[in-house]
Amino acid sequence: MGRIDIAETIKRIDFPEKVWEWLDLLGDIVARTQKEAMYQERSFLADTPFKKILLCAINKDLSTLNAIYILLRCELIHQASSHVRLLCESLITLKYISLKPESRSNLFWGYADIEAYEISSSILEWESSTANPLHVKRLHAFQESISEKYKKAKQIYTFLDTKDRRKPFSNWCNKNIADQARECGTEFQRLYKLVYKQMSSYIHGSAWSLRRQVSYSRDHYQHGVVLNDVATIIRTGLVVWVEWAKFCIEILNWRLIDAMEEVTKRLEEMDAKHFQQTAP
């Protein structure tokens, strides 16, 4: 059986010129951000727990930016919107950690012991009766090897509820993304609400999220719908990127001010050009 030719698949997907303008804008920003990251990487030393988080998270964010572009280029609208949310969540968590970098970085990395144990437990529960016995034995051995770390970590990641009952953390900081955004200030609260409101209309398995699906079929293709969806996702993604760039400038002295100003200007111009008479 032959392999799927990804390059050929992408070649077969074409867009109206207006859609290409939005894709090219995003592509320019992805390329410029990647170039700056490669420049900064030469001198960056991850010699503290916080700097290690920055290195790993920003590397992941760069791949998320690339994924948003590639998914839109392949006309995978719902999947691209979910990655815009992932980018937003990553930024909020980075900002939240940066407010108390030493203590929160230690909490962030320490929670990995709990995650490793609980993930292995889930796998064993699901596959212990059906998987290869040798694999199951190895996973049991791995879980046993980290059990002491898990027990110690469980004592740290707990809190007292309103009835003075000790409960485990829901995650490494015991705060969801909305709560983290709230502690990061008004701008991050607004960013969170904007992204979740805009992108949830594509992500969730609701009737509303499927409202335009037929418009992407071969027989009922509607260029205006595609333009609106691509522009909405790119516009929202670039709003997140601007805040992400501000963070990198503030914390790491990245050279993205000119790119930020250009994004804002081009977004205003393209909104006026493509949607001045029709609401998105």
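Above this note sits the structure.
Report on the accompanying structure. Note that the structure is predicted; figures quoted are calculated from it, not measured. (Residues numbered from 1 in each chain as written. Predicted model: local features only at pLDDT ≥ 70, side-chain atom pairs only at ≥ 80, totals over all residues. Heavy atoms only, no water.)

**A closer look at the packing of aromatic side chains**
Cut-off, in case you're wondering: For this analysis, a ring pair means two rings from Phe, Tyr or Trp (six-membered ring only for Trp) whose centres lie within 6.5 Å, classed as stacked if their planes differ by under 30 degrees, edge-to-face if by over 60, and tilted for the remaining angles. The cut-offs for exposure are 20% and 50% of the maximum accessible area for each residue type, with area from a 1.4 Å probe on protein chains only; residues under the lower value are buried, those over the upper are exposed, and the others partly exposed.
Using the criterion set out here, one finds twelve aromatic pairs in the structure. Between the aromatic rings of Phe108 and Trp109, the centroid separation amounts to 5.4 Å while the plane-to-plane angle is 85 degrees, which identifies the pairing as edge-to-face. Centroid distance Tyr216 to Tyr221: 6.5 Å. Interplanar angle 85 degrees. Geometry classified as edge-to-face. Given a relative accessible area of 16%, Tyr216 falls into the buried group. You can call Tyr221 partly exposed: its relative accessible area is 28%.

**Description of the packing of helix H6 (residues 112–127) against helix H7 (residues 133–145)**
The condition that has to hold: Axis definition: a line fit to C-alpha positions, over the contact stretch in the case of helices; interaxial angles, taken between N-to-C directions, run 0 to 180 degrees. Segments assigned H or I by DSSP are reported as helices when at least four residues long, segments assigned E as strands when at least two residues long, and all are numbered from the N terminus. Each angle gets one of four labels, with under 35 degrees taken as roughly parallel, over 145 as roughly antiparallel, 65 to 115 as roughly perpendicular, and the rest as oblique. Handedness of a helix crossing follows the sense of rotation of the near helix relative to the far helix, less than a right angle counterclockwise being left-handed and clockwise being right-handed. Working rule for contacts: check all heavy atoms of both residues, and any pair within 4.5 Å makes them a contact. Each residue gets one label: Ala, Val, Leu, Ile, Met, Phe, Trp, Tyr, Cys and Pro are nonpolar, Asp, Glu, Lys and Arg are charged, and the others, such as Gly, are polar.
Interaxial distance between H6 and H7 falls to 10 Å at its minimum, and their mutual angle equals 155 degrees. As the angle between them shows, H6 and H7 are arranged roughly antiparallel. Judged by the sense of rotation from one axis to the other, the crossing of H6 with H7 is left-handed. Across the interface between the two elements, Ala116, Tyr117, Ser120, Ser121, Ile123, Leu124 and Glu127 of H6 pack against Val136, Leu139, His140, Phe142 and Gln143 of H7. For the contact of H6 with H7, the per-class residue count stands at seven nonpolar, four polar and one charged.

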